[in-house]
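If you want the building blocks of each chain, they are given just below.
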Amino acid sequence: MNRTLTSLCLTAAALTGLLAAVSCKKDAGTPPQQTQTKGQSIMDVKIEPFGGLPDGTAVELYTLTNDKGLKARLTTYGAILVSLEVPDRNGTPGDISLGYDSLDGYLKVSPYFGAIVGRYGNRIAKGRFILDGIEYKLANNNGVNHLHGGIKGFDKVVWTAEPVKETDAVGVRFSYLSKDGEEGYPGNLKVVATYSLTNDNELRIVYEAETDRATPVNLTHHSYFNLAGQGDMLGHELTLYADKYTPVDEGLIPTGEVLDVKGTPMDFTAPAAIGSRIAQVKGGYDHNYVLRSGGGTLALAAGVYEPVTGRLMEISTTEPGIQFYSGNFLDGTITGKGGHVYPLHGGFCLETQHFPDSPNHPGFPSTILRPGQKLTSLTVHKFSTK
Ligand code: GLA
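Note that the coordinates shown come from a computational prediction; the quantities given were computed from them, not determined experimentally.

Definitions and limits used
- Residues numbered from 1 in each chain as written.
- Predicted model: local features only at pLDDT ≥ 70, side-chain atom pairs only at ≥ 80, totals over all residues.
- Heavy atoms only, no water.
- Helix = DSSP H or I, 4+ residues; strand = E, 2+ residues; numbered from the N terminus.
- Buried < 20%, exposed > 50% of the residue type's maximum accessible area, 1.4 Å probe, protein only.
- Contact = heavy atoms within 4.5 Å.
- Polar contact = N/O pair within 3.5 Å; in protein donor to acceptor, adjacent residues only side chain to side chain.
- Pairing = 2+ DSSP bridges.
- Salt bridge = Lys/Arg side-chain N within 4 Å of Asp/Glu carboxyl O.
- Near = heavy atom within 4 Å.
- Areas by Shrake-Rupley, 256 points an atom, 1.4 Å probe, with all protein chains shown as cover.
- Nonpolar A, V, L, I, M, F, W, Y, C, P; charged D, E, K, R; others polar.
- Phe/Tyr/Trp six-rings, centres within 6.5 Å; stacked < 30°, edge-to-face > 60°.
- Lys NZ or Arg CZ within 6 Å of the ring centre and 35° of its normal.
- Core = buried A, V, L, I, M, F, W, Y, C linked by side-chain atoms within 4.5 Å.

**Some details on the environment of Asp-180**
- Here Asp-180 is to be found in the loop between strand 13 (169-178) and strand 14 (189-198).
- We classify Asp-180 as partly exposed; its relative accessible area is 39%.
- Between the C-alpha atoms of Asp-180 and Asp-212, which are 32 residues apart in sequence, the distance is 8.7 Å.
- Leave out the neighbours within four places in its chain, and Asp-180 touches Tyr-185, Pro-186, Gly-187, Asn-188 and Arg-213.
- A polar side-chain atom of Asp-180 sits 3.1 Å from a polar atom in the side chain of Arg-213.

Structure representation (structure tokens):
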């Protein structure tokens, strides 16, 4: 193992506990028997085929199971979280994420359901920025702007995967090499995204990246959650640990201001139903909140409670921002898992991140990664009921 890899592994170990490759069964689909006798762990990583791309590239599905009733299915296509089963207050498991039953759906049309988004999550104005005196032009895929990594972002590539096992968690480590020039970005960027399911009922995501030329990087996870499993999520109660947000223009590009949420419909410093003031926000919520923590250390960013099922999801992150997106572009035209039609506001996203368009806003926390530096970032989704 070379020095770079060693330090990457040590960083990951510091963040998540010791990661060690486990030998896992590869089979064609029969689920393993998962009956738990007292004191015996059923934690497991199962690997199955999940179809393939039109060019024949094989795609796999990893199923992670913890000892407490959580089950996550993840695919090497886009490092997508395909489903996440979480018990409600009666202990009944239910899938709380939006997406498709099969790879085909993701290949046809997906508004980033469950994916790892990069090289730059969120928008870069007019797909351009100047770095060290050189102007870079990116692929524009959102009107005149660049969104979520461009035409073929990290959500649309096949990642390499290996199962991992910690003392009290199971996971999958996804790796991808984004080549110099991809979607217009400078530098070969090695990216690792490790998802794990812990016995504390957490879904953890560790991001790591290193580059051979200076480049902007902003990695995030784009699950649409609905803690009730279906319908709209306007009754979910949201808390955001943020006193400020970055207002946007018509194209959803930050104006550069950082405003107080106090006294506005943007204020979620105390729990409030997502639907309670959404009508006062033009287009719905699609804003970056400036986290009170400032980033750098793991701190609470958001809490979401669904009163009917009793499910509570708390998100902590080392990132300085979180994009709260209320599923404003869902419009009933997508039929997802189990034949569910996804209506307007059928799911919400809470994308932990650096601020949108940071390469064009010197006042925002920097997103520039340079050769010799290692990006590490951690986001934890913790599940409970009340
Ligand atoms: C992000 C953006 C939204 C939208 C969705 C995908 O959350 O902020 O504006 O583009 O992704 O539809």
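**A word on unusual backbone geometry**
- The peptide bond linking Gly-118 to Arg-119 adopts the cis configuration, its omega dihedral lying at 5°.
- Secondary-structure assignment places Arg-119 in the loop between strand 7 (115-117) and strand 8 (123-124).
- Although it is not a glycine, Asn-122 adopts a positive phi angle of roughly 80°.
- Residue position: Asn-122 is located in the loop between strand 7 and strand 8.
- Asn-122 gets classed as buried once you look at its relative accessible area, which sits at 2%.
- For Leu-252, which is not glycine, the phi dihedral falls at a positive 65°.

**A few points about the pairing of strand 30 (residues 375-385)**
- Relative to strand 30, strand 15 (residues 202-211) runs antiparallel, the two being bridged by 8 bridges. Bridging across to strand 30, Tyr-207 finds its partner in Ser-377.

**Focus on the pattern of salt bridges**
- The final tally for this structure, using the stated rule, is 13 salt bridges.
- Asp-95 serves as the salt-bridge partner of Lys-337, at 2.8 Å between the closest nitrogen and oxygen. Residue Lys-337 is found in the loop between strand 26 (334-335) and strand 27 (341-342), and its partner Asp-95 is found in strand 6 (residues 93-95); the two are separated by 242 residues along the sequence.
- Judged by its relative accessible area of 6%, Lys-337 is buried.
- Across the pair Glu-135 and Arg-128 runs a salt bridge whose closest N-O atoms are separated by 2.5 Å.

**With respect to the site of the ligand**
- Around the ligand sit 13 residues, and of these Arg-123, His-148, His-222, Asp-286 and Glu-351 come closest.
- His-148 is positioned such that a nitrogen or oxygen atom in its side chain is 2.9 Å from an oxygen atom of the ligand.
- At 3.3 Å from an oxygen atom of the ligand is found a side-chain nitrogen or oxygen belonging to Gln-323.
- Protein coverage of the free-state accessible area of the ligand, which is 300 Å², stands at 95%.
- For the shell around the ligand, the per-class residue count stands at 7 nonpolar, 3 polar and 3 charged.

**What about the packing of aromatic side chains?**
- Throughout the structure, instances matching the rule amount to 19 aromatic pairs.
- With a centroid separation of 5.1 Å and an interplanar angle of 75°, the aromatic rings of Phe-113 and Tyr-224 are classed as edge-to-face. On the criterion of sequence distance, the pair formed by Phe-113 in the loop between helix 2 (103-108) and strand 7 and Tyr-224 in the loop between strand 17 (220-222) and strand 18 (237-240) is long-range, its members being 111 residues apart.
- Relative accessible area serves as the criterion here: at 1%, Phe-113 is assigned to the buried category.
- Relative accessible area serves as the criterion here: at 2%, Tyr-224 is assigned to the buried category.
- Arranged with centres 6.3 Å apart and planes meeting at 40°, the rings of Tyr-245 and Tyr-289 form a pair that is tilted. In this pair, Tyr-245 sits in strand 19 (residues 242-246) while Tyr-289 sits in strand 22 (residues 286-291), placing the two residues 44 residues apart along the sequence.
- The ring of Phe-268 has Arg-277 sitting right over it, with the charged end atom 4.8 Å from the ring centre.

**Comments concerning the nonpolar core**
- In terms of nonpolar packing, the biggest core is built from 62 residues, with Leu-84, Trp-159, Tyr-289, Phe-324 and Leu-350 touching the most fellow members.
- Ranked by residues supplied to this core, first place goes to strand 14 with 5 residues.
- In this view, Leu-350 contacts Leu-238, Leu-240, Ala-302, Val-304, Ile-315, Ile-322, Gln-323 and Phe-324; residues no more than four positions away in its chain are not counted.
- By size, the runner-up hydrophobic cluster in this structure holds 19 residues, among which are Leu-98, Tyr-106, Phe-113 and Ile-334.

Geometric values such as these leave the question of function open.
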